[in-house]
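# Notes for the structure review
Chain by chain, the residues run as shown.
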Amino acid sequence: MQRVKEYTESYFLPAGECNPQQEMPVTLVARRIIDIATMHANLLDVGYARLVEDGLTWVLSRLSIEMYRYPGINESYSLSTWIEGFNRHFSERNFELTAESGEVLGHCRSVWVPINIRRRESGALEALESLSDVVSERRCPIDKQPRMTALGDEGTRSNDYRFRYCDCDFNRHVNAVRYMELYLNQWDMDFHDEYRIKRFDISYQHEAYCGDEVKVKIHDAGYDTYLCEIAGKESVHTRARIIYTKRNNSNNDN
């Protein structure tokens with residue numbers, strides 16, 4: 001095992017990866033986070049190939065993204081990751097996104113849990129105790145994710161959605177980023193032209209599968225903060241908190 005406590009990848013943002021505001025979408029930030037977490041885990045020999053030997057796989061449980069500025073079209077940027085904490089039940093992994101100039105663009109926090117592939121329930125990491133050796137002393141400057149509470153119907157708007165084939169990933173459940181996309185689609189283009197996402201917190205509760213019917217619920221909590229929930233008839237799949245901030249007149253104004 002290579003003891004690399006911090007791992008960094010560099011990227012370039014082409015037009016085809018930008019959102020309509022000509023910047024990196026928060027959903028792409030999430031995809032890059034998942035990718036680089038996978039790369040670092042593989043480098044440490046605690047990725048999918050190792051966990052599957054014990055009938056386990058990593059599942060993203062919580063994700064918090066706080067952005068000060070998003071990369072713009074044709075901009076180069078880098079993403080670094082490190083492990084802040086680890087025990088037999090979960091791993092805390094952090095991230096920092098920086099511009100080519102060295103400007104810090106944002107920070108992210110994540111929690112990953114092992115899932116038993118066959119039983120689809122929480123597993124344990126007794127065989128990976130050596131992972132504690134690569135826990136970094138570096139801390140993430142953003143707050144940890146707040147507790148996500150259930151949404152009532154009062155003051156809440158909702159839309160029905162049925163998950164389809166392209167919503168699912170190799171685990172045959174709904175992709176983690178797809179939930180984020182569903183939340184963002186609850187606002188129109190004019191809203192996204194006026195506001196950008198300052199912070200996105202999402203907690204993954206129960207897996208959803210192709211064909212599941214859900215309600216996407218949004219509650220305006222005031223101060224440009226929205227509480228969100230995607231739930232089926234029997235269980236809540238995700239809860240989220242999205243904090244927006246007003247844009248300036250320019251496109252990539254963050």
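The preceding data block contains the structure.
The text that follows walks through the structure, step by step, so that each part is easy to find. Note that the structure is predicted; figures quoted are calculated from it, not measured.

Right, let's get into helix H1 (residues 26-43). A rise of 1.5 Å per residue sets the reference length of H1, with its 18 residues, at 26 Å; its end C-alpha atoms lie 26 Å apart and thus fit the reference within 8%. Listed as buried for H1 are Val 26, Thr 27, Leu 28, Val 29, Ala 30, Arg 32, Ile 33, Ile 36, Ala 37, His 40 and Ala 41.

So, about the packing of H1 against helix H3 (residues 176-184). The geometry of H1 relative to H3 is characterised by a closest axis approach of 10 Å and an angle of 170 degrees between their N-to-C directions. Classified by the interaxial angle, the pair formed by H1 and H3 is roughly antiparallel. On the side of H1, the interface is formed by Val 26, Thr 27, Ala 30, Arg 31 and Ile 34, while H3 contributes Ala 176, Val 177, Met 180, Glu 181 and Leu 184. Classifying every residue of the contact of H1 with H3 gives 7 nonpolar, 1 polar and 2 charged.

With that settled, consider the packing of aromatic side chains. Inspection of the entire model under this criterion finds 11 aromatic pairs. For the pair Phe 191 and Tyr 195, a centre-to-centre distance of 4.8 Å together with 25 degrees between the ring planes defines the contact as stacked. Exposure remark for Phe 191: the relative accessible area of 14% places this residue in the buried category. What links up through ring pairs into an aromatic cluster is the set Trp 187, Phe 191, Tyr 195, Tyr 226 and Tyr 244. Here the basic side chain of Arg 138 rests over the ring of Trp 82, its NZ or CZ set 3.9 Å away from the ring centre. The ring of Trp 187 has Arg 157 lying over it, and the distance from NZ or CZ to the ring centre is 5.3 Å.

Before going further, it helps to spend a moment on the pattern of salt bridges. A complete count under the given rule lists 21 salt bridges for this structure. A salt bridge links Arg 31 to Glu 181; its shortest N-O distance comes to 3.1 Å. Pair noted here: Arg 31 is in helix H1 and Glu 181 is in helix H3, with a separation of 150 residues, a long-range link. The class for Arg 31 is partly exposed, based on a relative accessible area of 35%. Across the salt bridge formed by Arg 32 and Asp 35, the nearest N and O atoms sit 4.0 Å from each other. You can see Arg 32 and its partner Asp 35 sitting in helix H1, 3 residues apart, about one turn around the helix. Taken together, the shared-partner salt bridges in this structure form one network comprising Arg 31, Asp 167, Arg 178 and Glu 181.

Attention now goes to the nonpolar core. Counting residues in each nonpolar core, the largest one holds 53 residues, and the members touching the most others are Ile 65, Tyr 183 and Phe 200. Apart from residues no more than four positions distant in its own chain, Phe 200 is found in contact with Val 26, Leu 63, Ser 64, Ile 65, Met 180, Tyr 183, Leu 184, Ala 240, Arg 241 and Ile 242. Membership of the second largest hydrophobic core comes to 7 residues, among which are Leu 44, Val 46, Ile 83 and Phe 86.

If you trace the backbone, His 107 turns up in strand S5 (residues 104-116). At 2.8 Å, the side chain of His 107 forms a polar contact with the side chain of Glu 96.

Quick notes on the rules
Residues numbered from 1 in each chain as written. Predicted model: local features only at pLDDT ≥ 70, side-chain atom pairs only at ≥ 80, totals over all residues. Heavy atoms only, no water. Helix = DSSP H or I, 4+ residues; strand = E, 2+ residues; numbered from the N terminus. Expected span 1.5 Å × (residues − 1). Buried < 20%, exposed > 50% of the residue type's maximum accessible area, 1.4 Å probe, protein only. Axes fitted to C-alpha atoms, helices over the stretch in contact; angles between N-to-C directions. Parallel < 35°, antiparallel > 145°, perpendicular 65-115°, else oblique. Contact = heavy atoms within 4.5 Å. Nonpolar A, V, L, I, M, F, W, Y, C, P; charged D, E, K, R; others polar. Phe/Tyr/Trp six-rings, centres within 6.5 Å; stacked < 30°, edge-to-face > 60°. Lys NZ or Arg CZ within 6 Å of the ring centre and 35° of its normal. Salt bridge = Lys/Arg side-chain N within 4 Å of Asp/Glu carboxyl O. Core = buried A, V, L, I, M, F, W, Y, C linked by side-chain atoms within 4.5 Å. Polar contact = N/O pair within 3.5 Å; in protein donor to acceptor, adjacent residues only side chain to side chain.

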